[in-house]
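Topology and contacts: notes
Read off the chains here:
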Amino acid sequence: MFPAMRVKIVGLDPHQQYYIAMDIVPVDNKRYRYVYHSSKWMVAGNADSPVPPRVYIHPDSLASGDTWMRQVVSFDKLKLTNNELDDQGHIILHSMHKYQPRVHVIRKDFSSDLSPTKPVPSGEGVKTFSFPETVFTTVTAYQNQQITRLKIDRNPFAKGFRDSGRNRTGLEAIMETYAFWRPPVRTLTFEDFTNMQKQQGVLVITTCFGT
């Protein structure tokens, strides 16, 4: 998934073991189309039938709270597909639908039902976070040539499409200006996972998502 979602987590029990996982859920029951003359997304009908649930378990799992809190947790290896017969563990989504990524922090003793092919378990030891700025619309082809160029230039998986000899103008020049820009940090409070007492913690997210 590009741009990748990255989160910074604090407030965990440093000695407790946790899984970090992500799933992606529909925002609504609609299908969309892009209207070129108005440059807007419009509802085009009802959503397609739901696909089997898939959960991406972060490859650094299982790890202590101390380990998670000392790093920025990146989901840059998460892969998406619209192939409902996928057997590679990719998250399956319908094209032209709106989705919301969710990050789950799961304490080890609540992870018995954690599986890439089952819904995320629920309970006191599971905390789920979602952020409205990360809602996105799935496409199999970009609806805007500038966005196509932007992804070719910025997606590390699109190196084969680049022409290193061409001049950088227009949108490319603008993006060079923002090469070292980082999005503002988003902070939300949540209750700590410790069993002995409830303390206040925060989850911080940095995203590169836009409308």
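Presented here is a report on the structure given in the accompanying data block. (Residues numbered from 1 in each chain as written. Predicted model: local features only at pLDDT ≥ 70, side-chain atom pairs only at ≥ 80, totals over all residues. Heavy atoms only, no water.)

1. Considerations on the layout of surface pockets
Looking at the second largest pocket, its volume works out to about 370 Å³. Considering the residues around the second largest pocket, the lining is formed by 29 residues, among which Ile24, Val25, Pro26, Val51 and Pro53 are closest to the centre. Looking at which element gives the most residues to the lining of the second largest pocket, the answer is strand β2 (residues 17–26), with four residues. Among the residues making up the lining of the second largest pocket, the classes are represented as 17 nonpolar, seven polar and five charged. (1 Å grid on protein atoms, 1.4 Å probe; cavity = no way out; pocket = protein on both sides within 12 Å on 5 of 7 lines; lining within 4 Å. Points joined across faces, edges and corners; volume = space filled by probe spheres on them. Helix = DSSP H or I, 4+ residues; strand = E, 2+ residues; numbered from the N terminus. Nonpolar A, V, L, I, M, F, W, Y, C, P; charged D, E, K, R; others polar.)

2. What to know about unusual backbone geometry
With omega at 0 degrees, the peptide bond leading from serine 61 into leucine 62 counts as cis. Note that leucine 62 resides in the loop between β5 (56–57) and β6 (63–64). Of note, the phi angle at serine 39 is positive, near 55 degrees, even though the residue is not glycine.

3. A few points about the nonpolar core
Grouped together as the largest cluster of nonpolar side chains are 24 residues, with contacts concentrated most on Met5, Ile20, Ile24 and Phe75. Broken down by secondary-structure element, the contributors of at least two residues to this core are β1 (6–9), β2, α1 (65–69) and β10 (98–107). For this core, the element with the highest residue contribution is β2, accounting for four residues. Core analysis: the next-biggest nonpolar cluster, separate from the first, contains six residues, Ala21, Val55, Leu114 and Val126 among them. (Core = buried A, V, L, I, M, F, W, Y, C linked by side-chain atoms within 4.5 Å. Buried < 20%, exposed > 50% of the residue type's maximum accessible area, 1.4 Å probe, protein only.)

4. With respect to the pairing of β2
Pairing analysis gives two bridges linking β2 to β6, with the strands arranged antiparallel. By the bridge assignment, tyrosine 18 is partnered in β6 with alanine 63. Inspection of the sheet shows β2 paired to β10 by nine bridges, in the antiparallel sense. Bridge pairing in β10 links isoleucine 24 to proline 101. Sheet analysis places β2 next to β5, joined by two bridges and oriented antiparallel. Across the sheet, alanine 21 pairs through a bridge with isoleucine 57, a residue of β5. (Pairing = 2+ DSSP bridges.)

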